[in-house]
Amino acid sequence: MKVNFAVTAACVLGLLYFGREVLQPVVTALVLSLALAPLIRTMGSLGLSRVNATFGALALVIVLFAGAFAILGANVMALTSDLPQYTAEIRSKSKSLEELAQHPLARLAPQLLEEQPSASALETGPRPVPVEIREHASTSDSIAKAIGVVSGPLGEAFLVLVLMIFILLDRENLRDRVLRLVGQREVSRTIKGLEDAAEGVSRFFFTQLLLNLTFGVVISIALWLINIPHAALWGALCAALRFVPYIGALIAGAAIALFAAAVEPGWTLAVYAIVLFIVLEVFVANVIEPRVYGHSVGMSPLAVIVSALFWGAIWGPLGLLLSTPLTLCIVVGGRYIKSLEPISIMFAESPNTNEAQRFYHRVLSGDANAIIEDARAFLRKSTLARYCDRVLLPGLAMAGAGLQSGQESRLRATVAMVADTLDAGHAPSRARRRNISMLDENVGAHLRHQREERLGRWQGSLDVPARSVIVCISMPGVREEFLSELLVLVFRDAKLDARSFVLDPAGPEDDPGADNLVSTVFIAYPIESAPAAWISAVTELRAALPDVQLVTIRPRDDVGNEHATIASHVDLVLQSFEEALAFVTPSKIG
């Protein structure tokens, strides 16, 4: 299997590299056709036919590009008239820099000159005259050379334009051919993949165009404010070069710095321009682009960089321009094609893991701080009960099934720190984040002791209204006690008076004589304890509190067959903490 994969990968890489002369114009035409598809659809919605809409969109784009090049050409011509002055200033600054660099060697120069013989002494005869052989170029050779220089880029651009026109006009037929190749069973997935790829590429090009144009306008205004001539030209240059990933911004910044140094005799304007460009570029590249491109493209910021390196190495400058849309198409294809799924997992914005799986991964690594940050983000939008149902409990279920030897103590310490933070509230101070040793007690006991230290022996005052206290009871057991304490946190988060108690047959009787204060008793579902002992304890509870409802919450991962027996000894069996919260909240309101 691995050998076949390696051979396939080597063949694909070889085809991409050695077949780039054929593949580059075809792929460029395909990508540009995807970018123009929304504009063609918009024109088609105005009542134009497909052919008219296609040529109308192409004409509009060509006119816009021609107008932009005409304006830039006019600015360039205006710049050339001032070039002698700017060139002289650059030479002056270059000479001063050379003198500054040679200043430390000035003291050694006289000694070196004394030790070296003079040039006139070395000359003992007449200097040889260099001979140059010049070939007379005919008119036909000059024309051929000019055609060769022009026909290269222009010929490739014309070829891409022709291919793009045929692809746009025949795209429905091409899609039918692709669907025919994949077969009828995969038609739905293929159509969905093609739609997602087209939408992603179109969104990327639109986002990139909007962001680069905005950057060009901002840099033009900023350069104009510091009195740099031809600010619009440099802003347009920045907007154009930023389409080339990473390298384009460096070239634009160097050009602006060089021109700013040539405008005035001093260095103040050049320093202002450099600082201004660096601040704007760093802000856009590190704050705006990762978020905008990540959300609009569906790729992680690291994937954008890796794709630029790969396609740039394979196809050169054109690969840099096409790196993101090409990788995006592969990432989208990985959602529907099994062989491309690893690339989609590695490069997609989200690795297709839910909150519970991320919790599980962080628990195994002991990264409590990351879990707490994720919990804060979740609780800003939702309730603690939903966090327990969708993240905490499913994640712990996966962690319990995948623990290796030596990871139990790390799991207990991590869960204790997370639960302790949740007990402190949604936004605890960093001072409460501390390492908790769980070698001598379970997490549930730790939370209960924390509450008793804070609220007293009975976890609160007994001078409260009748039927206002919710009691969460569990049999002795690590998981059952933790679920009971977690339920108390959920109720207390909803401003309910909830308290916990452990039924320990071997322990002393601990009865405050406040049975009339209890409204509902939640007893943890028997997970670790024997059903017979649990049923006996529930029977005693029923006798002691005949007017109180007994409720239990059955875990979603429980696959036992004693559900009917357990349900017969309680008033209600719920499925989640959210159901439990909804069950007791109306009684509080009433």
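Residues numbered from 1 in each chain as written. Predicted model: local features only at pLDDT ≥ 70, side-chain atom pairs only at ≥ 80, totals over all residues. Heavy atoms only, no water.

Caption draft 1: Region of interest: the overall build of the protein. Looking only at helices and strands, one finds 24 helices and 5 strands in the protein. Restricting the contact set of the protein to residue pairs at least 6 apart, pairs at least 24 apart contribute 72%. Only carbon and sulfur atoms are counted for the fraction: they give 64% of the accessible area of the protein, which is about 34,800 Å². (Helix = DSSP H or I, 4+ residues; strand = E, 2+ residues; numbered from the N terminus. Contact = heavy atoms within 4.5 Å. Areas by Shrake-Rupley, 256 points an atom, 1.4 Å probe, with all protein chains shown as cover.)

Caption draft 2: Geometry of the environment of proline 325. Take proline 325: it is sitting in helix α14 (residues 317–334). We classify proline 325 as buried; its relative accessible area is 0%. Taking the C-alpha atoms as reference points, proline 325 and serine 202, separated by 123 residues in sequence, lie 9.0 Å from one another. Setting aside its immediate chain neighbours within four residues, proline 325 contacts Val31, Val201, Phe204 and Phe205. (Buried < 20%, exposed > 50% of the residue type's maximum accessible area, 1.4 Å probe, protein only.)

Caption draft 3: Focus on the sheet that holds strand β3 (residues 518–523). Spatially, 5 strands are ordered β2-β1-β3-β4-β5 in an open sheet, and the strand pairing comes out parallel. Each end of this open sheet is capped by a strand with a single partner; those strands are β2 (497–502) and β5 (572–574). Taking the axes of each pair of neighbouring strands and ignoring which way they run, one obtains an average angle of 25° across the sheet. As defined by bridge partners, strand β1 (residues 469–474) adjoins β3 across 5 bridges and the pair is classed as parallel. Across the sheet, the residue bridging to isoleucine 473 is isoleucine 523, located in β3. (Pairing = 2+ DSSP bridges. Axes fitted to C-alpha atoms, helices over the stretch in contact; angles between N-to-C directions.)

Caption draft 4: Looking closely at the packing of aromatic side chains. Taken as a whole, this structure holds 8 aromatic pairs when the rule is applied. Taking the centre distance of 4.8 Å and the plane angle of 40° together, the rings of tryptophan 234 and phenylalanine 259 count as tilted. Of this pair, tryptophan 234 sits in helix α10 (residues 231–241) while phenylalanine 259 sits in helix α11 (residues 247–263), and the two are 25 residues apart along the sequence. Residue tryptophan 234 shares its accessibility class with phenylalanine 259, and that shared class is buried. With centroids separated by 5.1 Å and ring planes inclined at 80°, the aromatic side chains of phenylalanine 310 and tryptophan 311 adopt a geometry described as edge-to-face. Connected via pairs of aromatic rings, a cluster forms that spans Phe310, Trp311 and Trp315. Across from the ring centre of tyrosine 17, 4.3 Å away, lies the NZ or CZ of arginine 20, which sits over that ring. The ring of phenylalanine 215 carries the charged tip of arginine 242 above its face, separated from the ring centre by 4.6 Å. (Phe/Tyr/Trp six-rings, centres within 6.5 Å; stacked < 30°, edge-to-face > 60°. Lys NZ or Arg CZ within 6 Å of the ring centre and 35° of its normal.)

Caption draft 5: Structural view of the confidence of the model for the protein. Chain-level pLDDT for the protein is 75 on average; 76% of the residues reach the 70-or-more range. By mean pLDDT, helix α6 (residues 119–122) is the weakest element of the protein at 47, and β3 is the strongest at 89. Across residues 426–440, where pLDDT falls below 50, the model places 29 contacts with residues more than four positions away in sequence or in other chains. (pLDDT = per-residue confidence, 0-100.)

Caption draft 6: How the structure looks around the side chain of glutamine 459. In this structure, glutamine 459 sits in the loop between α20 (443–455) and β1. Exposure remark for glutamine 459: the relative accessible area of 3% places this residue in the buried category. In this structure glutamine 459 touches Arg448, Arg451, Glu452, Arg492, Arg499 and Ser500, once residues within four positions along its chain are discounted.

Caption draft 7: A nonpolar patch on the surface, seen in detail. On the surface, a cluster of nonpolar side chains totalling about 500 Å² of accessible area is made up of Trp267, Val271, Tyr272, Val275 and Val279. Valine 271 gets classed as partly exposed once you look at its relative accessible area, which sits at 43%. (Patch = residues over 30% accessible without salt bridge, like charges linked within 9 Å, V, L, I, M, F, W, Y side chains within 5 Å. Salt bridge = Lys/Arg side-chain N within 4 Å of Asp/Glu carboxyl O.)

Caption draft 8: Structural context of unusual backbone geometry. Located in the positive-phi region is asparagine 227, a residue other than glycine, with phi close to 65°. Its location among the elements puts asparagine 227 in the loop between α9 (187–225) and α10. Look at histidine 230: it is not a glycine, yet its phi comes out positive at around 55°. Structurally, histidine 230 can be placed in the loop between α9 and α10.

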